[in-house]
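Now for the letters of each chain:
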Amino acid sequence: MTISKGPDPDLRDVEAAKKGDTQAFSHLLKRLEQRVFRFILRHSLTHEDAQDLTQETFFEVCRNLENFRGNSMFSTWVLGIARNLVLNHVNRSSSFRFAIAEDVDLTEVVDNGNDPHDACQRQARLVALTHGIQSYLSRDLREALVLVCLEGLSYREAAKLLELPEATVKTRVFRARKALRAGFAADGTGELFTFDSL
């Protein structure tokens, strides 16, 4: 997944929302809500926590919309808010433990192809990938991989969001892919993947 390098598709609605247009803000929410939810869920949170933090993310977006200056894509800025809320949640929750997201949560937006064999393979890859990301990757590697490979941010956008040099993000993504390949080879799920996609 790649992001086009054209103009920010959300900019028109952002400018209108800044002027008080609630319908424009509603459009932004509808466009980004599932992406933010999946992003939060991929950080090992429960379905309920992910729902709560998604709502909190958009509350913060609404509250801080005037602070968006357009130095990044609007969606990158929103994911930065979501990331900060996730980190705060993890840090302040003494009972936090990693919980693999339920498959139904991650597949809500899956393609409704007609071939049952393809659907089964997609589901198996999703389960293996979710397990691999949680089991084989450190938090730093997981964060970089999720942003670049699953959320489709460019290395530069991910570096800005993580406040790291771009080369560090590239290195982390490379190491994450390598760790996943090794983990999948060890647990026998490697045949589910063409590693060009990882």
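Just so it is clear, the structure is predicted and the values come from calculations on it, not from any experiment.

Chemist: What is the right way to look at the overall build of the protein in this model?
Modeler: Helix and strand counts for the protein stand at nine helices and zero strands. For the protein, the succession of helices and strands along the chain, N to C, is α-α-α-α-α-α-α-α-α. Going through the 198 residues of the protein one by one, you find that 44% of them count as buried. Within the protein, contacts between residues separated by at least 24 positions form 64% of all contacts whose residues are at least 6 apart in sequence. Taken as a whole, the protein presents about 11,200 Å² of accessible surface, with 51% of it coming from carbon and sulfur.

Chemist: Explain the layout of surface pockets here, please?
Modeler: Empty pockets left among the atoms are what a rolling probe the size of a water molecule brings to light. Computed from the structure, the second largest pocket encloses a volume of approximately 360 Å³. Every residue lining the second largest pocket is counted, 17 residues in all, and those nearest its centre are Ser72, Thr76, Trp77, Gly80 and Leu161. Elements represented by at least two residues in the lining of the second largest pocket include exactly α3 (47-64), α4 (74-92) and α8 (155-162). When residues of the lining of the second largest pocket are assigned to their parent elements, the largest contribution, six residues, is made by α4. Partitioning the lining of the second largest pocket into residue classes produces four nonpolar, eight polar and five charged.

Chemist: Quick question: what am I supposed to make of the pattern of salt bridges here?
Modeler: In this structure the tally under the stated criterion is eight salt bridges. A salt bridge links Glu143 to Arg83; the nearest nitrogen and oxygen atoms lie 2.8 Å apart. Of the two residues, Glu143 is situated in helix α7 (residues 139-150) and Arg83 in helix α4; the sequence distance between them amounts to 60 residues. In terms of burial, Glu143 and Arg83 fall into one category: buried. Among the ionic contacts, a cluster of salt bridges with common partners joins Asp10, Asp13 and Arg31.

Chemist: What am I meant to see in helix α2 (residues 22-41) here?
Modeler: Residues that lie three or four places apart on an α-helix share one face, since the helix turns once every 3.6 residues. Compared with the 28 Å implied by 1.5 Å per residue over 20 residues, the 27 Å span of α2 between its first and last C-alpha is a close match. One side-chain oxygen of the residue at the start of α2 lies 2.9 Å from the amide nitrogen of Gln23, identifying that residue as Asp21.

Chemist: I tried to follow unusual backbone geometry on my own but got confused; where do I start?
Modeler: Note on backbone geometry: most residues besides glycine have negative phi, and most peptide bonds are trans. Its identity is not glycine, yet Glu163 carries a phi of approximately 60°, on the positive side. On the basis of relative accessible area, Glu163 is assigned to the exposed category, the value being 73%.

Chemist: How do you make sense of α7 when you look at a structure like this?
Modeler: Judged by how many residues are buried, α7 sits mostly within the fold: ten of twelve residues are covered. Within the sequence span of α7, burial applies to Leu141, Arg142, Glu143, Ala144, Leu145, Val146, Leu147, Val148, Cys149 and Leu150. Immediately beyond the C-terminal end of α7, within one or two residues, lies Gly152, with a positive phi of roughly 80°.

Chemist: Explanation requested: the confidence of the model for the protein in the structure shown.
Modeler: Regions with low pLDDT should not have their predicted coordinates read in detail. Chain-level pLDDT for the protein is 80 on average; 80% of the residues reach the 70-or-more range. For the protein, the element scoring lowest by mean pLDDT is helix α5 (residues 103-106), at 46; helix α9 (residues 166-187) scores highest, at 91. This stretch, residues 96-111, has a pLDDT under 50; its non-local contacts, to residues over four places away or in other chains, come to 34 contacts.

Chemist: Looking at this structure, how should I read the packing of α7 against α8?
Modeler: Between two packed helices, both the angle of their axes relative to each other and the distance between the axes serve to describe the pair. Viewed as axis vectors pointing N to C, α7 and α8 meet at an angle of 135°, and their least axial separation amounts to 9 Å. It follows that α7 is oblique to α8 by the angle criterion. Classified by chirality, the crossing of α8 by α7 is right-handed. Contacts between α7 and α8 involve Glu143, Ala144, Leu147 and Val148 from the former and Tyr155, Ala158, Leu161 and Leu162 from the latter. Class assignment of the residues belonging to the contact of α7 with α8 gives a composition of seven nonpolar, no polar and one charged.

Chemist: Explain the environment of Lys160 here, please?
Modeler: Among the structural elements, Lys160 can be located in helix α8. For Lys160, a relative accessible area of 49% gives the class partly exposed. For the pair Lys160 and Thr76, spaced 84 residues apart in sequence, the C-alpha to C-alpha distance is 9.0 Å. Of the polar contacts made by the side chain of Lys160, one reaches the backbone oxygen of Asn71; its length is 2.9 Å.

Chemist: Even after reading the chapter, I still don't get the side chain of Glu143, so can you show me in this structure?
Modeler: We classify Glu143 as buried; its relative accessible area is 6%. Leaving out residues up to four positions away in the same chain, Glu143 has contacts with His43, Arg83, Leu87 and Leu162.

The rules behind each value
- Every chain begins its residue count from 1, and numbering advances along the sequence as written.
- Thresholds applied to this predicted model are a pLDDT of at least 70 for local features of residues and 80 or more for the giving and counting of side-chain atom pairs; totals over whole chains, interfaces and linings are not thresholded and use all residues.
- Calculated side-chain values reflect all of the structure's heavy atoms, with hydrogen atoms and water omitted.
- Think of it this way: any DSSP run of H or I at least four residues long counts as a helix, any run of E at least two long counts as a strand, and we number them from the N terminus.
- A simple rule labels every residue: compare its accessible area, found with a 1.4 Å probe on the protein chains alone, to the largest value its type can have, and call it buried under 20%, exposed over 50%, or partly exposed in between.
- Note on definitions: a residue-residue contact is assigned when non-hydrogen atoms from the two residues lie within 4.5 Å.
- For accessible areas, the Shrake-Rupley method is used with a probe of radius 1.4 Å. Any residue's cover is judged against the shown protein chains and nothing else.
- Definitions used for this entry: grid spacing 1 Å over protein atoms alone; cavity, a set of points where a 1.4 Å probe fits but cannot get out; pocket, an open set with protein on both sides within 12 Å along at least 5 of 7 lines; lining residue, one with an atom within 4 Å of a point.
- Grid points are joined across faces, edges and corners, and a volume is the space filled by probe spheres set on the points.
- Residues are sorted three ways: Asp, Glu, Lys and Arg are charged, Ala, Val, Leu, Ile, Met, Phe, Trp, Tyr, Cys and Pro are nonpolar, and all the rest, Gly among them, are polar.
- Salt bridge, as applied in this entry: a Lys or Arg side-chain nitrogen positioned within 4 Å of an Asp or Glu carboxyl oxygen.
- One less than the residue count of a helix, multiplied by 1.5 Å, gives the span that helix is expected to have.
- Contacts described as polar in this section are N or O atom pairs within 3.5 Å, which, within protein, must combine one atom able to donate a hydrogen with one able to accept it, while residues neighboring in sequence count only if both atoms come from side chains.
- One confidence number per residue, pLDDT, is output by the predictor and ranges from 0 to 100.
- Lines are fitted to the C-alpha atoms to define the axes, a helix being fitted only along its stretch in contact, and any angle between axes, read from their N-to-C directions, falls within 0 to 180 degrees.
- Throughout this description, any angle smaller than 35 degrees is read as roughly parallel, any larger than 145 degrees as roughly antiparallel, any in the 65 to 115 degree range as roughly perpendicular, and the remainder as oblique.
- In this scheme the crossing of two helices becomes right-handed for a clockwise turn of the near helix relative to the far one and left-handed for an anticlockwise turn of less than a right angle.

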